[in-house]
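Each chain, letter by letter, is given below.
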Amino acid sequence: MRVTKHEHAALLVEDGGKALIIDPGSFTSPFTDLHDVVGIVITHEHQDHWTPEHLERILKYTGPIPIFGPAGVVAAASAFDVTEVHPGDTVELDPFTLRFFGGKHAVIHKSLPVVDNVGVLVNDEFYYPGDSYAVPEGVDVKLLAAPVGAPWLKIGEAMDYVLAVKPRRLFGTHDMTLSMIGLVMHRARLAWAVEQNGGEYVELDPGDSADV
């Protein structure tokens, strides 16, 4: 299985000649040259994780394919056919098995609503928590995409999250709000955290991939 990082929170997961798109949002360049995409996962309703324009463009390439997201996404993307998923759900989408965790977005501020959010585990190997610190309990995560910058993110909490998950390998995502100096600094903090349990930090820029 191969995971390709796109700008901000967008990811392309490929396995067995098929592809899965995760969180194509407003800080992400359009996906192009798409082949054999079997589904889309949207972790939550915020526009940096999905836009109507991205979905319309992807579906123009692929034709009808399933879209999965929590209740907030179903409501926000009502113009699209989104299948509602909840923490604890498992979806079989050949060749992908998707398991969902979490339930709520991390708190940004007490004045702002806490929206639905699901983390997604792909083929019991690759995990992306969306905008949350949801730990996939009992899972040996081989590759983790961990948020590295956000209005809700304190880098010490992100480090503690990596220490809790104990992935074998890690790369940073959710990073378009950071300056280059901030990105380098925060990547170094997550690298330290993953190394405490014998893991490895993989530095991915948009377009770069990691194999699982």
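Attention in this report is confined to the structure presented alongside it. Since the model is a prediction, treat every value here as computed from it, not as a measurement. (Residues numbered from 1 in each chain as written. Predicted model: local features only at pLDDT ≥ 70, side-chain atom pairs only at ≥ 80, totals over all residues. Heavy atoms only, no water.)

1. Side note on unusual backbone geometry
Across the chain, the bulk of peptide bonds are trans and the bulk of non-glycine residues have phi less than zero. Stated precisely, the cut-off is as follows: Under the DSSP-based scheme used, a helix requires at least four consecutive residues in state H or I and a strand at least two consecutive residues in state E, with every element numbered from the N terminus. Burial classes: relative accessible area under 20% of the type maximum marks a residue as buried, over 50% as exposed, and values in between as partly exposed (1.4 Å probe, protein chains only).
The omega angle of the peptide bond from D94 to P95 is 10°, so this bond is cis rather than trans. The phi torsion at H8 lies on the positive side, around 60°, for a residue other than glycine. Secondary-structure assignment places H8 in the loop between β1 (2–5) and β2 (11–15). In this structure H8 comes out as buried when scored by relative accessible area, which is 0%.

2. What to know about the packing of aromatic side chains
Going by this rule: Centres within 6.5 Å are what make two rings of Phe, Tyr or Trp a pair, Trp counting through its six-membered ring; a difference in plane orientation under 30 degrees is then read as stacked, over 60 as edge-to-face, and the rest as tilted.
Tallied over the entire structure, the rule returns four aromatic pairs. Centroid distance F101 to Y127: 5.8 Å. Interplanar angle 85°. Geometry classified as edge-to-face. Of this pair, F101 sits in strand β8 (residues 96–104) while Y127 is found in strand β10 (residues 126–128), placing the two residues 26 residues apart along the sequence. One exposure class covers both F101 and Y127, and it is buried. Summarising the aromatic geometry, the rings of F126 and F171 are spaced 6.4 Å apart at their centres and angled 5° between planes, so their arrangement reads as stacked. With F126 in strand β10 and F171 in strand β12 (residues 169–173), this residue pair connects regions lying 45 residues apart in the sequence. The exposure class of F171 is buried, given its relative accessible area of 0%.

3. Quick notes on the pattern of salt bridges
Definition in use: Salt bridge, as used here, is a side-chain nitrogen of Lys or Arg placed within 4 Å of a carboxyl oxygen of Asp or Glu.
The tally for this structure, following the rule as stated, stands at eight salt bridges. Taking the shortest distance from any N to any O, the salt bridge between D140 and R168 comes out at 2.3 Å. In this pair, D140 is assigned in the loop between β10 and β11 (143–147) and R168 in the loop between α3 (155–165) and β12, connecting sequence segments 28 residues apart. Here E200 makes a salt bridge to R169, at a shortest N to O gap of 3.6 Å. In this pair, E200 sits in strand β13 (residues 200–201) while R169 sits in strand β12, placing the two residues 31 residues apart along the sequence. Look at E200 and you get partly exposed, because its relative accessible area is 44%. Each of R187, E203 and D205 takes part in one network of salt bridges that share partners.

By themselves, these are just geometric observations and shouldn't be taken as functional.
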